[in-house]
Amino acid sequence: MPGFELFGEEEKKEVNDVMSTGIIMRYGFDGARKGNWKAVALEKAICETFGSKYAQLTSSGTSALTTAMASLGIGAGDEIIMPAFTFVASFEAVLSTGAVPVLVDVDESLTLNPEAVRKAITPKTKCVMPVHMCGSMAWLDELQQICKAHKLILLEDACQSIGATYKGKYVGTIGDAGTFSFDFVKTITCGEGGVVMTNSEAVYTNSDGYSDHGHDHKGGADRGADQHPFLGYNYRISELHAAVGLAQIGKVHQFLAIQKKNHGLLKGILSQVPEVSFRTIPDPEGDSCSQLSWFLPSQDIARAVITELKAQGIAAGNFYWFDNNWHYIRKWDHLKEVKSLHALSAAQTEALVKLKTQDFSASDAVIGRCISTGISLLWTEEQIKEKGEKLVAVIQKVLREQTVSA
Ligand SMILES: *Cc1c(COP(=O)(O)O)cnc(C)c1O
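Parameters and conventions
- Counting of residues starts from 1 at the beginning of each chain's written sequence and follows it residue by residue.
- For this predicted model, a pLDDT threshold of at least 70 governs which residues receive local features, and a threshold of 80 or more governs which side-chain atom pairs are given and counted, while totals over whole chains, interfaces and linings are taken from all residues.
- Side-chain measures were taken over the full set of non-hydrogen atoms in the model, leaving aside hydrogen atoms and water.
- By the criteria applied, helices consist of DSSP H or I runs no shorter than four residues and strands consist of E runs no shorter than two, each listed in order from the N terminus.
- Restricting the calculation to C-alpha atoms gives the radius of gyration, and the globule rule supplies 2.2 Å times the number of residues raised to the power 0.38.
- Summary of the burial criterion: residues with accessible area below 20% of their type's maximum are buried, those above 50% are exposed, and those between are partly exposed, where the area comes from a 1.4 Å probe applied to protein chains only.
- Residues count as neighbours in contact if any of their non-hydrogen atoms are within 4.5 Å of one another.
- Only the protein chains shown count as cover for residues, with accessible areas throughout obtained via the Shrake-Rupley method and a probe of 1.4 Å.
- Residues counted as positive are Lys and Arg, residues counted as negative are Asp and Glu, and His and the chain ends are not counted.
- A charged residue contributes its charge at one atom only: NZ of Lys, CZ of Arg, CG of Asp or CD of Glu.
- Only rings of Phe, Tyr and Trp enter the pairing, Trp through its six-membered ring, and a pair is recorded when the two centres are within 6.5 Å. The plane angle decides the type: under 30 degrees is stacked, over 60 is edge-to-face, the rest tilted.
- We call a charge positioned above a ring when the Lys NZ or Arg CZ atom is no farther than 6 Å from the ring centre and deviates by at most 35 degrees from the ring normal.
- Domain limits in this description derive from either an automatic procedure or a database domain assignment.
- Here the quantity called buried area is the accessible surface, traced with a 1.4 Å probe, that two parts lose on coming together, added over both.
- Salt bridge, as used here: a side-chain nitrogen of Lys or Arg that lies within 4 Å of a carboxyl oxygen of Asp or Glu.
- Pairing between strands is defined by DSSP: at least two bridges between the two strands are required.
- The axes are straight lines fitted to the C-alpha atoms, using for helices just the contacting stretch, and the angles between their N-to-C directions are given from 0 to 180°.

How do you make sense of the overall build of the protein chain when you look at a structure like this?
When its secondary structure is counted, the protein chain shows 14 helices and twelve strands. For the protein chain, the C-alpha radius of gyration of 22 Å lies close to 22 Å, the compact-globule estimate for 406 residues. Principal axes of the C-alpha set define a box for the protein chain whose edges measure 75 × 50 × 40 Å. Looking at the protein chain residue by residue over its 406 residues, the buried ones come to 57%. Excluding contacts between residues fewer than 6 apart, the proportion of contacts in the protein chain whose partners are at least 24 apart in sequence is 67%. By element, 54% of the accessible surface of the protein chain is carried by carbon and sulfur atoms, the whole surface being about 17100 Å². Charge-centre separation for the protein chain: the mean point of 39 positive side chains lies 1 Å from the mean point of 47 negative side chains.

Could you clarify how one ought to interpret the packing of aromatic side chains in this entry?
Enumeration according to the criterion identifies twelve aromatic pairs in this entry. The lysine or arginine in question, lysine 186, covers the ring of phenylalanine 87, its NZ or CZ lying 5.8 Å from the ring centre. In this structure, lysine 267 is placed above the aromatic ring of phenylalanine 278, and the distance from its NZ or CZ to the ring centre is 4.9 Å.

How do you make sense of the domain arrangement of the protein chain when you look at a structure like this?
Bring the parts together and some accessible area is lost; that lost area is often taken as the interface size. One can read the domain layout of the protein chain as domain 1 (3-251) and domain 2 (253-405). Placing the centre of domain 1 and that of domain 2 at their C-alpha centroids yields a distance of 25 Å. Residue-level contacts link 45 residues of domain 1 with 46 residues of domain 2. Taken together, both faces of the contact between domain 1 and domain 2 bury some 3800 Å²; the carbon and sulfur share is 63%. Per-residue buried area on domain 1 facing domain 2 is highest for Glu5, Glu108 and Lys251; these three make up 16% of the total on that side. Taken together, domain 1 and domain 2 are joined by one salt bridge.

Would you take a moment to explain the sheet that holds strand E5 (residues 153-157) for this structure?
Think of a sheet as strands paired side by side through backbone hydrogen bonds, with each pair either parallel or antiparallel. Pairing in this open sheet of seven strands is mixed, and the strands run E1-E9-E8-E5-E4-E2-E3 from one edge to the other. Across the chains shown, the open sheet's two edge strands, defined by having one partner strand only, are strand E1 (54-58) and strand E3 (100-104). Strand after strand, the sheet turns through a mean of 25° between neighbouring axes, direction not considered. Both E5 and strand E8 (residues 177-181) contribute to a ladder of three bridges, which runs parallel. Bridge pairing links aspartate 157 to threonine 179 in E8. Where helix H3 (residues 61-71) meets the sheet, it contacts E1, strand E2 (79-83), E5, E8 and strand E9 (194-198), and its direction lies at approximately 165° from that of E8. Packing against the sheet, helix H6 (residues 140-150) makes contact with strand E4 (125-128) and E5, and its axis sits at approximately 150° to E5.

If you want it as structure tokens, here you go:
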């Protein structure tokens, strides 16, 4: 799953290149850096590897989303339709631009239900933001059709699905813009970092300036001579972080191949249990396989299986019951209670308060039954077999007990 599992000499070499000159900032110092432009090189590698026309690195996936939204002209009062199942960073970015998050249900793809999106459109809707969760992809054809019909922006949060494809194209490169995160636990990492990808020169130019205080980067070697055509912020990546990412992207196809192999082996073992079903994948060919997401027949059975896995010290990966407070609306009390350190706008506050009473039972029925198992790059076949057999044993034990008590 995370690229940090396979750190090696490549990362050290790239970082040492930067340390040998001491120029750890990505802009300026042209002579002193002795030809080392790691951020520029990583942006080029991202374009080549994933088939995006432009790429703008940022300090995180969250700041990449914020930068993308601003660069697409999304701001105060604009509604962004997004899923109730994602990492909190998705709504953080929305709120930070002044936009209004409109949360809707996911289906068994673990991503936006296109029908729920259609129903949530209002005259204030400006953007649809699918999140490609847990290594796989959203219903992009359907979402693209909706965006086209209603003249909406399609922004892909592909932060946790680096390397997934949809009908032959990498996710993150299909909408008006898309983002990856390179935080420490993502498929490739910079330590901290993110990227905005787009095929629009205008969106790229905006991202380039917005993430660096509004610099137009036309002053040559003298940063002080740059103009500031619009307001920006500091969401820059450092050369040290970019150096790590440059080493990692060189190995991304290797990581993906290992993920696919290990995922296939584990899925084969779990498939022996007829009561286990698997997540719907809109384009099965394109799964990055960073996680294997599977369902149990009911929320009660899922809860019992997770409880038993925990008791046996086996990592489960459930976002509904006990494991994880960060990825699903049910655990986002700080959002629903509008616990912001600074005042939010009236429109934002109203939208958040509404979340407390909104019906998410369709999502509950999916997330409450789901277990997402992270796929390690380091597992041996032996270890996968052992893990799979332990999972199967726990599921069968719970199913037996349920039948007895029923
Ligand atoms: C990781 C992640 C982000 C944010 O990335 P950071 O680099 O940690 O800021 C955004 N969205 C999703 C779905 C993520 O998984």
